[in-house]
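Residues per chain, in single letters:
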Amino acid sequence: MKNKATILFAALSLVLTVILLLQNLGVLGLLSKGGTGGSSTQRLEGNGYDSAEEALEAYIEAIRNGDVPAMLSTFAIETYIDSYDTKASLLRTGAWLPPINSEGTYEIIGSDYERQLRLFARQASIVRKVYEQLITYSAFFVEDSNSYNGLEPITFHTEEDVERFLNAYRKSSFGKALTEIKLEEFIKPEQLSEPYGSEAHLKNMKQLGNICGCDEYKSVAARITLNGESWLLTMDCGSYHGRWYNISLPGTLATLLGANVQQYGLIPYFQIQ
């Protein structure tokens with residue numbers, strides 16, 4: 001009996017050792033998600049929010065904390081991909097432009113492999129917009145910001161040109177300003193843009209919501225303090241089965257307000273007054 005107990009104890013010790021080793025190597029994490037292939041069970045989106053305003057507030061908090069995964073989780077990703085009406089969208093736009101439309105939104109092939117790609121393409125599309133916003137405004141927070149034009153290439157002729165460019169960005173105060181971003185109040189879109197409440201625009205919002213598969217779809221606007229000044233942040237949000245998510249940055253309201261594309265819904269308040 002004593003020998004059997006010793007053998008059993010040794011066997012259990014060996015199993016525990018292997019488990020700990022696998023955990024340290026991250027192998028168990030891969031196995032729990034279906035190994036290195038197949039569909040991942042890890043969700044990219046969060047559980048949603050009770051209101052559209054809460055979804056935008058969570059986005060602001062994640063930006064302030066510099067937490068990219070938390071920021072992404074405020075957006076509908078799996079739900080958006082699985083609810084999107086490709087046929088209705090193509091009929092509405094009347095065209096298919098691969099460089100523009102291949103951001104994960106459209107289901108063209110219908111395979112599981114395509115769905116996995118669409119999920120990460122959706123995620124990458126959101127990240128690209130937030131990153132472009134960061135790059136755009138970091139340039140405006142440095143000297144000679146008026147000379148910046150995001151639609152034109154910045155050329156370098158010497159090593160000093162490159163160093164000057166990198167130093168300008170790295171000295172920008174915009175990144176620090178984001179860590180102190182503060183939500184002041186929510187503003188009704190109708191107060192900012194009269195056309196937003198028009199019958200034509202409400203019909204447009206209804207169509208967008210239907211294409212995204214949302215129960216409700218609307219723009220949300222928040223006045224925030226950034227770098228000691230008032231800014232406006234806009235987002236289109238949608239609800240699925242009573243849970244709200246961020247859907248589109250910058251959303252339709254920013255377009256009505258005349259914001260340029262690279263601002264992605266982050267607008268200095270003086271531009272809309």
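Refer to the structure printed above.
Residues numbered from 1 in each chain as written. Predicted model: local features only at pLDDT ≥ 70, side-chain atom pairs only at ≥ 80, totals over all residues. Heavy atoms only, no water.

### What about the environment of Leu202?
Item 1. Looking at where Leu202 falls in the secondary structure, it is placed in helix α12 (residues 199-212).
Item 2. Relative accessible area serves as the criterion here: at 43%, Leu202 is assigned to the partly exposed category.
Item 3. Between the alpha carbons of Leu202 and Lys218 there is a distance of 9.0 Å; along the sequence they are 16 residues apart.
Item 4. With sequence-adjacent residues up to four places away left out, Leu202 is seen in contact with Tyr196 and Gly197. (Helix = DSSP H or I, 4+ residues; strand = E, 2+ residues; numbered from the N terminus. Buried < 20%, exposed > 50% of the residue type's maximum accessible area, 1.4 Å probe, protein only. Contact = heavy atoms within 4.5 Å.)

### Observations regarding α12
Item 1. Taking 1.5 Å per residue as the helical rise, α12 with its 14 residues ought to reach 20 Å, and the 20 Å between its terminal C-alpha atoms agrees with that figure.
Item 2. For α12, the complete set of buried residues consists of His201, Met205, Leu208, Gly209, Ile211 and Cys212. Angularly, the buried residues of α12 cover 160 degrees about the axis, an arc narrow enough to put them on a single face. Turned more than 90 degrees away from the buried face of α12, the exposed residues are Glu199, Ala200, Lys203 and Lys206. (Expected span 1.5 Å × (residues − 1). Arc of directions from axis to C-beta.)

### A few points about the packing of aromatic side chains
Item 1. Under the criterion given, the structure shown has nine aromatic pairs.
Item 2. Look at Tyr137 and Trp231: their rings are 5.1 Å apart centre to centre, the planes differ by 80 degrees, and that puts the pair in the edge-to-face class. Highlighted residues: Tyr137 in helix α8 (residues 112-140) and Trp231 in strand β3 (residues 229-240), separated in sequence by 94 residues. Trp231 matches Tyr137 in its accessibility class, with the two residues each being buried.
Item 3. Plain terms: the ring middles of Phe165 and Tyr169 are 5.1 Å apart, the flat faces sit at 65 degrees to each other, and that makes the pair edge-to-face. A residue pair is termed a helical-turn pair when its members lie 3 or 4 positions apart in one helix, as Phe165 and Tyr169 do in helix α9 (residues 159-170) at four residues. (Phe/Tyr/Trp six-rings, centres within 6.5 Å; stacked < 30°, edge-to-face > 60°.)

### Topic: the environment of Lys188
Item 1. Tracing the backbone shows Lys188 in the loop between β1 (182-187) and α11 (189-192).
Item 2. Look at Lys188 and you get exposed, because its relative accessible area is 57%.
Item 3. Sequence spacing of Lys188 and Ala222 is 34 residues, and the spatial spacing of their C-alpha atoms is 8.7 Å.

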